[in-house]
Amino acid sequence: MRFFNVLALTIGLATPALAGVDEALDNHILPELASFAAAADDLAEAAQADCRAPAVRPAFQATFDAWMPIADLRLGPSETGALSIAFWPDPRGFTQRTLTRLIADDDPITGDVEGYAEVSIAARGLFALEMLLYDPDLADYTPDSTACRLVTTIAGDLDRQADDLATAWTGFADTLRTAGEPENATYLARDEAVRAIYTQILSSLAFTEDQRLGAPMGSFDRPRPARAEARRSGRSLRNVVLAAQTARDLATELAGHDLPETDAALEHVRTAAGRVGDPAFQDVTDPQARLRVEVLQQAVGSLSAAIQTEIGARLGIAPGFNSQDGD
């Protein structure tokens, strides 16, 4: 897939050493990780107080909002840590099958927060909670049910994961800050930290184009609305806009200067999003509705192009495609 392969980057001699790395860490990545950890804690408390779906949904939505500014980081601790927080895409329906089995078997692990870390990642994190809280076949559970207990357990497990991820990043941030220093075995050159963060920005937008928008659109003859991200909770469109906002915010911190073309491109994304009728993309089977989603997809591509122009050109970073990129 393109979003896995899009960024084989080369750095020119004009690249300023560690331009904006401290700002990206201190003004975006680390505070957003802390905000997510705080939101996950609130979610765990809400589920503990009342595990029924209507009671937990507001805290779930707030936690997902807090996740989006760091959702697409696949760097350092997030390279593996994000997988069990947000297991998606899931085209084969592993999450639903695993949760259904746990409930049907009344598995004791459904009440074991500490032991739940050993459960398949398909049954952990935000998308497992979304399934339990919003799926019509699962969400109508009673307070004394296995499903209710499972919601509390998954929320508690998510709280722990969020804390662990934030803690791990406090150490990894120093690895980025000290790129090129003799004791740094991860980033051997000082400009590699800039490249690492810049890569995350563009790969996030590619993921939004290819998966958040491309997956539900499928092909014209075969749209796949059931593959929309967080469709059950009605977050598909919201996640696209939040991902675009995050890319702009992180790009601005990395650049250290105003990005007028990027800001204008983000406004274009917002305008295009405002014309989409269904926030869960379930109307892409209609040609006119599909066209509006295609326009949004193009707007996200334009945002990526603007960032490449305003940051990549100034830093001497040229995006390319690696040898694994397919057609």
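Structure: see above.
Residues numbered from 1 in each chain as written. Predicted model: local features only at pLDDT ≥ 70, side-chain atom pairs only at ≥ 80, totals over all residues. Heavy atoms only, no water.

**Student:** Mind showing me how you'd approach the overall build of the chain here?
**Tutor:** Assigned secondary structure in the chain consists of 11 helices and 2 strands. For the chain, the sequential pattern of α-helices and β-strands runs α-β-α-α-α-α-α-α-α-α-α-α-β. For a compact globule of 327 residues, the expected C-alpha radius of gyration is about 20 Å, and the chain comes in at 20 Å, within 12% of that figure. The principal-axis extent of the C-alpha atoms belonging to the chain is close to 65 × 50 × 35 Å. For the chain, with 327 residues in total, the buried portion stands at 51%. Considering only contacts in the chain between residues 6 or more positions apart, those separated by 24 or more positions represent 78%. (Helix = DSSP H or I, 4+ residues; strand = E, 2+ residues; numbered from the N terminus. Rg over C-alpha atoms; globule rule 2.2 N^0.38 Å. Buried < 20%, exposed > 50% of the residue type's maximum accessible area, 1.4 Å probe, protein only. Contact = heavy atoms within 4.5 Å.)

**Student:** Would you mind going over helix α5 (residues 94-104) with me for this structure?
**Tutor:** One turn of an α-helix holds 3.6 residues; hence residues three or four places apart share an orientation. All of the buried residues along α5 are Thr95, Thr98, Leu99 and Leu102. Axial view of α5: buried residues confined to an arc of 95 degrees, hence all on one face. Buried-residue contacts for α5 involve α6 (125-134) and α7 (146-177). Within two residues after α5, Asp106 carries a phi angle of roughly 50 degrees, on the positive side. (Arc of directions from axis to C-beta.)

**Student:** Hey, could you run me through the state of the cysteines in this one?
**Tutor:** Put plainly, two cysteines are in a disulfide when a covalent bond ties their sulfur atoms together. Applying the stated criterion to the full structure yields 1 disulfide. Disulfide pairing places Cys51 opposite Cys148 at an S-S distance of 1.9 Å. In this structure, the disulfide formed by Cys51 and Cys148 twists by about 110 degrees around the S-S bond and is classed as right-handed. Of the two residues, Cys51 is situated in the loop between α2 (21-49) and α3 (53-67) and Cys148 in helix α7; the sequence distance between them amounts to 97 residues. Here the two residues Cys51 and Cys148 agree in accessibility, since each one is buried. (Disulfide = S-S within 2.5 Å.)

**Student:** Help me understand the environment of Ala193 in this model?
**Tutor:** Examined against the element boundaries, Ala193 turns out to sit in helix α8 (residues 192-217). Accessibility expressed as a relative area gives 0% for Ala193, which makes it buried. Along the sequence, Ala193 and Leu291 sit 98 residues apart, while their C-alpha atoms lie 38 Å from each other.

**Student:** I would appreciate a short explanation of the packing of α2 against helix α9 (residues 236-255) in the present structure.
**Tutor:** Between two packed helices, both the angle of their axes relative to each other and the distance between the axes serve to describe the pair. Following both chains from N to C, one finds α2 and α9 inclined at 140 degrees, their axes separated by 7 Å at the closest point. The orientation of α2 with respect to α9, classified from their angle, is oblique. Relative to α9, α2 is oriented so that their crossing is right-handed. Two secondary-structure elements touch here, α2 through Val21, Glu23, Ala24, Asn27, His28 and Ile29 and α9 through Thr246, Asp249, Leu250, Glu253 and Leu254. Within the contact of α2 with α9, the residues separate by chemical class into 5 nonpolar, 3 polar and 3 charged. (Axes fitted to C-alpha atoms, helices over the stretch in contact; angles between N-to-C directions. Parallel < 35°, antiparallel > 145°, perpendicular 65-115°, else oblique. Left-handed = near helix turned anticlockwise from the far one by under 90°. Nonpolar A, V, L, I, M, F, W, Y, C, P; charged D, E, K, R; others polar.)

**Student:** Before we go on, may I ask you to explain the pattern of salt bridges in this structure?
**Tutor:** Pairing between side chains of opposite charge can happen when the charged atoms of each approach one another. As enumerated under the stated definition, the model contains 18 salt bridges in all. Here Asp72 makes a salt bridge to Arg212, at a shortest N to O gap of 2.8 Å. Of this pair, Asp72 sits in the loop between α3 and α4 (78-81) while Arg212 sits in helix α8; the two residues are 140 residues apart in sequence, bridging distant segments of the chain. In this structure, the salt-bridge partner of Arg177 is Asp174, at a minimum N-O distance of 3.9 Å. Within this pair, Arg177 and its partner Asp174 are both found in helix α7, separated by 3 residues, close to a single helical turn. Looking at Asp174, the relative accessible area reads 44%, which means it is partly exposed. (Salt bridge = Lys/Arg side-chain N within 4 Å of Asp/Glu carboxyl O.)

**Student:** Can you walk me through a negative patch on the surface in this structure?
**Tutor:** Negative charge collects at one region of the surface, where Asp41, Asp42, Glu45 and Asp163 lie side by side. Looking at the negative patch element by element, the count peaks at 3 residues for α2. For Asp163, a relative accessible area of 37% corresponds to the partly exposed category. (Patch = residues over 30% accessible without salt bridge, like charges linked within 9 Å, V, L, I, M, F, W, Y side chains within 5 Å. Areas by Shrake-Rupley, 256 points an atom, 1.4 Å probe, with all protein chains shown as cover. Lys, Arg positive; Asp, Glu negative; His and termini not counted. Charge placed at Lys NZ, Arg CZ, Asp CG, Glu CD.)

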